[in-house]
Amino acid sequence: METREISQAVISRLPRYLRYLGELKDEGVERISSQELSSRMKVTASQIRQDLNNFGGFGQQGYGYKVEFLYDEIGKILGMDKTHNLIIIGAGNLGHALFNYMNFERRGFIFKGIFDVNPDVIGRSIKDVEVLSLDCLEEFITENDIDIAVLTIPKTAALNVAERLSKTRIKGIWNFAHIDLNVPSHIQVENVHLSDSLMKLSYNINRGEE
């Protein structure tokens, strides 16, 4: 596969393709056309073909796609054939919920540790994993081969933590703090703004009522 720049819009659709193909696998479907996949996903068949052609196509005209093969190939593109070690920084309600979400492990995302600054929380266990003090963050990252840090902390603390992370071997930050982070270019940041998503839903509801 050629190594060329793929638009973020295309990349953002790949997990959805993977999810639908996984459902097709579970249903025992072996082959599907772009038109049939379009009907399920509510995405045009032309868009599906264009998206997949960015990575080589994977199908034949009049023959369709092999579901399991396409599922595996998209999984590889998304890095699902690898294991990623994660930590969560912030053991509040959101951090606690993410740590307990079992589906991450099925996708190869393994939570190795969870950190906090609250002395009332440090030392407690979540799924038999002890909440650690943020004081030992850098040492833990090095010793446990951590790839990704998940920030579920207030934005007032996020900048300082991001600066500390930028000096470690971390490759990516999944950022739930409502602030843009300034980190070196070798660290990938994915911002998750839950309120933005809710406001988008509100807009679509209001538009539908007009």
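Residues numbered from 1 in each chain as written. Predicted model: local features only at pLDDT ≥ 70, side-chain atom pairs only at ≥ 80, totals over all residues. Heavy atoms only, no water.

Asker: What exactly am I supposed to notice about the overall build of the protein chain here?
Answerer: Of regular secondary structure, the protein chain possesses nine helices and nine strands. With the C-alpha coordinates aligned to their principal axes, the bounding extent of the protein chain is approximately 60 × 50 × 35 Å. For the protein chain, with 210 residues in total, the buried portion stands at 39%. Of all intrachain contacts in the protein chain linking residues separated by at least 6 positions in sequence, the fraction that spans at least 24 positions is 56%. (Helix = DSSP H or I, 4+ residues; strand = E, 2+ residues; numbered from the N terminus. Buried < 20%, exposed > 50% of the residue type's maximum accessible area, 1.4 Å probe, protein only. Contact = heavy atoms within 4.5 Å.)

Asker: Explain the packing of aromatic side chains here, please?
Answerer: For any two aromatic rings, the description comes down to two numbers: the centre-to-centre distance and the angle of the planes. All chains considered together, the criterion is met by seven aromatic pairs. Seen from their ring centres, F115 and F140 are 5.3 Å apart, and the 80° between their planes marks the pair as edge-to-face. Here F140 lies in helix 7 (residues 137-143) and F115 lies in strand 4 (residues 109-116), a separation of 25 residues in the sequence. The two residues F115 and F140 agree in class, both being buried. Put simply, the rings of F99, Y101, F104, F111, W174 and F176 pair up and form one aromatic cluster. (Phe/Tyr/Trp six-rings, centres within 6.5 Å; stacked < 30°, edge-to-face > 60°.)

Asker: Explain the packing of helix 1 (residues 8-26) against helix 2 (residues 34-41) here, please?
Answerer: Packed helices, taken two at a time, are described by the angle between their axes plus the distance between the axes. The interhelical angle for the contact between helix 1 and helix 2, taken along N-to-C directions, is 105°, at an axis separation of 11 Å. By the angle class used here, helix 1 and helix 2 are roughly perpendicular. On the side of helix 1, the interface is formed by R16, Y17, Y20 and L24, while helix 2 contributes L37, R40 and M41. A class-by-class count of the residues in the contact of helix 1 with helix 2 yields five nonpolar, no polar and two charged. (Axes fitted to C-alpha atoms, helices over the stretch in contact; angles between N-to-C directions. Parallel < 35°, antiparallel > 145°, perpendicular 65-115°, else oblique. Nonpolar A, V, L, I, M, F, W, Y, C, P; charged D, E, K, R; others polar.)

Asker: Explain the environment of G113 here, please?
Answerer: Here G113 lies in strand 4. Distance in space between the C-alpha atoms of G113 and I141 is 9.3 Å, their sequence separation being 28 residues. Beyond its immediate chain neighbours, meaning those up to four positions away, G113 contacts L86, I87, I88, F99, V129 and F140.

Asker: Is there a simple way to think about helix 1 in this case?
Answerer: For an α-helix, the turn length of 3.6 residues means that residues three or four places apart are oriented alike. With 19 residues, helix 1 extends 28 Å between its outermost C-alpha atoms, agreeing within 8% with the 27 Å of an ideal straight helix rising 1.5 Å per residue. For helix 1, the complete set of buried residues consists of V10, L14, Y17, L18, Y20, L21, G22 and L24. Considering only its buried residues, helix 1 is in contact with strand 1 (31-32), helix 2, helix 3 (45-53) and helix 4 (67-77). G28 lies just past helix 1 and shows a positive phi near 85°. (Expected span 1.5 Å × (residues − 1).)

Asker: So what exactly am I meant to see when it comes to the environment of E130 here?
Answerer: Here E130 shows up in strand 6 (residues 129-133). Here E130 falls in the partly exposed class, since its relative accessible area comes to 44%. In contact with E130, not counting residues within four places along its chain, are I114, G123, R124 and S125.

Asker: What am I meant to see in the side chain of D116 here?
Answerer: By secondary structure assignment, the location of D116 is in strand 4. One buried charged side chain, D116, makes no salt bridge at all; its nearest oppositely charged neighbour is R124, positioned 9.9 Å away. Here N118 takes part through its backbone nitrogen, which lies 2.9 Å from a polar atom of the side chain of D116. (Lys, Arg positive; Asp, Glu negative; His and termini not counted. Salt bridge = Lys/Arg side-chain N within 4 Å of Asp/Glu carboxyl O. Polar contact = N/O pair within 3.5 Å; in protein donor to acceptor, adjacent residues only side chain to side chain.)

Asker: Whenever I open this one, the environment of G22 confuses me. Can you help?
Answerer: Position of G22 relative to the elements: it lies in helix 1. A sequence separation of 49 residues divides G22 from Y71, and the C-alpha atoms of the two residues are 6.7 Å apart.

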